Every structure is written in C-alpha cells, then in structure tokens.
Amino acid sequence: MELSGARILVVGATGVLGGRISRGLADRGAKLALAGRDRRKLIALARELGGCQYKRFDAYDVEGCPWLVRDAHQVLGGLQGVVVCSGIVAFGTAENTHDVVSEQLFAVNTLAPIAILRTALPVLHRGSAIAAITGVESDRPAPELATYSASKAALSAWLAAVRQEQRPRGVTVLDAKLPHVDTGMGERAAAGRRPNRLGRGADPQYVVDRMLDALASGAEEIRVGPDGRTLEAA
C-alpha cells in the first residue's frame, strides 16, 4: 500500500499505539481521519497533525461504529485504508470472569472492529488495506486471559476469512498479532489485575514502526519471531 497521499481512518487514535500510528502515517504522507474515545486527546492530536478530521466514538456502541467509516470517506473524499487499534483487556480465571465483562471484551475487541472494517470494504479498491491488532493471544491463549484471548481470536479468524475474500479485489487484510506492548493498558483493565508474569512489554515505537512497514509492503500478518522478541511480517 502506498502510504504517501493515502486517505486513512485510524480508530483508537487516542491510545498509545493509535497515537503513534497516526503520527507515523502522517510522517509518511498519509491524509488522516482520527477516531477515539478521549475527546481532549483527539483535539490535541488533530492539531498536532495539522488539523486533520476527528470524531469521538464509543466502541460499546457497535451500531454506531459504521458511521466512522462513512464520515471519514466523506470528509477525506475517499478512503484507501482503515487501521483499528482500539481494545480493552481483563484479567482473571474463566470461572471468575463475569458475563458482563465478557460482553464488554467482545463488543470492543471483536464486534466493533468487525462493524468498522466490514463497512469499509465496499468503498476500498485495489491497493487499499484494512488492518487490526489482535495480539499473540489470538494464537496462543493464556491463563487468566481466556475471554480476552477468545475475543481476539474471533477477530483474527474473521480477518483470515476476509483476507481470502478480498485477495481477488487487491485489498490487503493485515492482522497484527503483537506481543504484550508497554502501553499501560494492563493497568486500565476492565476487570482483574495484571499478572506479574507478563513482565515488561515491547517498546511501542518499535511495534508501530513494524506495523507501518507491514502496511507499506502489503504484508498480511505480523507475528513474534522465533527469538520471542522481534516481529516478522509475512
């Protein structure tokens, strides 16, 4: 995907990764529309990036998520890419995870991204791309992260199927199966406490640089390499 001049919607732009992705895309010449939960941070980021369009959204409002795409398509005069980097986490054993927490995780991590990306597909053309962060847990579910892992695995499965559908159209579908990243999300969990075994996460800027490189190269997946530290794109 040619990033210079590309019109891209970044969903989750007020998060640590989303903000860095937005800045990185802007540095590479992309024209952006931003969406995020924190209005104050959205305004500040939009100003920092030269006054790009922004819209506050609530990932729990799945029915309202498609309007992010429609608004971005209108204000940008088209759309070549959508990057979804919003998400929440919860910790705890499966038996102690309340159904309300499960509903929250699947709404934010699965249903909202699907609603956004599904809406974008009809307006994208050859050379365009959609991308979402699923995480290493989508392949390797971890204890005390059962519901979180399941929500990300569901999104990853959806992306894999859509990838097969979109290849003939020339639309790239990127699944970023990232490791634990040092963003502080674990300290803002919907439930439970972050396990000590997780340790320190990967450097956010390193992760973002690999994601942008993957988008630019047309890669379909990012995953942790055999050394357990570096990220590989394929």
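Structure: above.
The paragraphs below set out a description of the structure included in this document. (Residues numbered from 1 in each chain as written. Predicted model: local features only at pLDDT ≥ 70, side-chain atom pairs only at ≥ 80, totals over all residues. Heavy atoms only, no water.)

Here we look at the pairing of strand β4 (residues 81-84)
Next, step 1: Of the two faces of β4, the one holding G81 and V83 and the one holding V82 and V84 are both buried throughout.
Next, step 2: Relative to strand β5 (residues 129-133), β4 runs parallel, the two being bridged by four bridges. Across the sheet, the residue bridging to V83 is A131, located in β5.
Next, step 3: Handedness of the crossover joining β4 and β5 through helix α4 (residues 99-120) is recorded here as right-handed. (Buried < 20%, exposed > 50% of the residue type's maximum accessible area, 1.4 Å probe, protein only. Helix = DSSP H or I, 4+ residues; strand = E, 2+ residues; numbered from the N terminus. Pairing = 2+ DSSP bridges. Right-handed = clockwise from strand over helix to strand, strands pointing away.)

Focus: the environment of A216
Next, step 1: For A216, the location among the structural elements is in helix α6 (residues 204-217).
Next, step 2: Exposure remark for A216: the relative accessible area of 35% places this residue in the partly exposed category.
Next, step 3: Through-space distance from the C-alpha of A216 to that of E2 is 5.9 Å; in sequence the pair is 214 residues apart.
Next, step 4: Once residues lying within four places of it in the same chain are set aside, the contact partners of A216 are M1, L3 and R28. (Contact = heavy atoms within 4.5 Å.)

Describing the nonpolar core
Next, step 1: Counting 39 residues, the largest nonpolar core has L9, V11, L79, V82, I116 and I130 as its most contacted members.
Next, step 2: Listed by contribution, the elements that provide at least two residues to this core are β1 (7-11), β2 (31-36), α3 (66-76), β4, α4, β5 and α5 (146-166).
Next, step 3: In terms of residues, this core owes the most to one element, α4, which gives nine residues.
Next, step 4: For L79, the contacting residues outside a window of four places in its chain are R7, I8, L9, V69, A72, H73, V123, L124 and S128.
Next, step 5: Grouped together as the second largest cluster of nonpolar side chains are 36 residues, I8, L42, I133 and L178 included. (Core = buried A, V, L, I, M, F, W, Y, C linked by side-chain atoms within 4.5 Å.)

Observations concerning α4
Structurally, the α-helix is built with 3.6 residues per turn, so residues lying three or four positions apart point the same way.
Next, step 1: Relative to the 32 Å expected for 22 residues at 1.5 Å per residue, α4 spans 30 Å between its end C-alpha atoms, a close match to the ideal helical length.
Next, step 2: Maximal helix bending in α4 amounts to about 40°, located at A107. (Expected span 1.5 Å × (residues − 1). Bend = angle between axes of the 7 residues up to and from the residue.)

Observations regarding the pattern of salt bridges
Next, step 1: Throughout the structure, instances matching the rule amount to nine salt bridges.
Next, step 2: A salt bridge links R28 to D213; the shortest N-O distance between them is 2.9 Å. Placement of R28 in the loop between α1 (16-27) and β2 and of D213 in helix α6 is noted, with a sequence separation of 185 residues between them.
Next, step 3: Here R167 ties to E220 by a salt bridge, and the two come within 2.7 Å at their closest N and O atoms. You can see R167 sitting in the loop between α5 and β6 (172-176) and its partner E220 sitting in the loop between α6 and β7 (221-224), a full 53 residues away along the chain.
Next, step 4: For R167, a relative accessible area of 46% gives the class partly exposed.
Next, step 5: By relative accessible area, E220 is classed as partly exposed at 24%.
Next, step 6: Counted as one network, the salt bridges with shared partners bring together D139, K177, E221 and R223. (Salt bridge = Lys/Arg side-chain N within 4 Å of Asp/Glu carboxyl O.)

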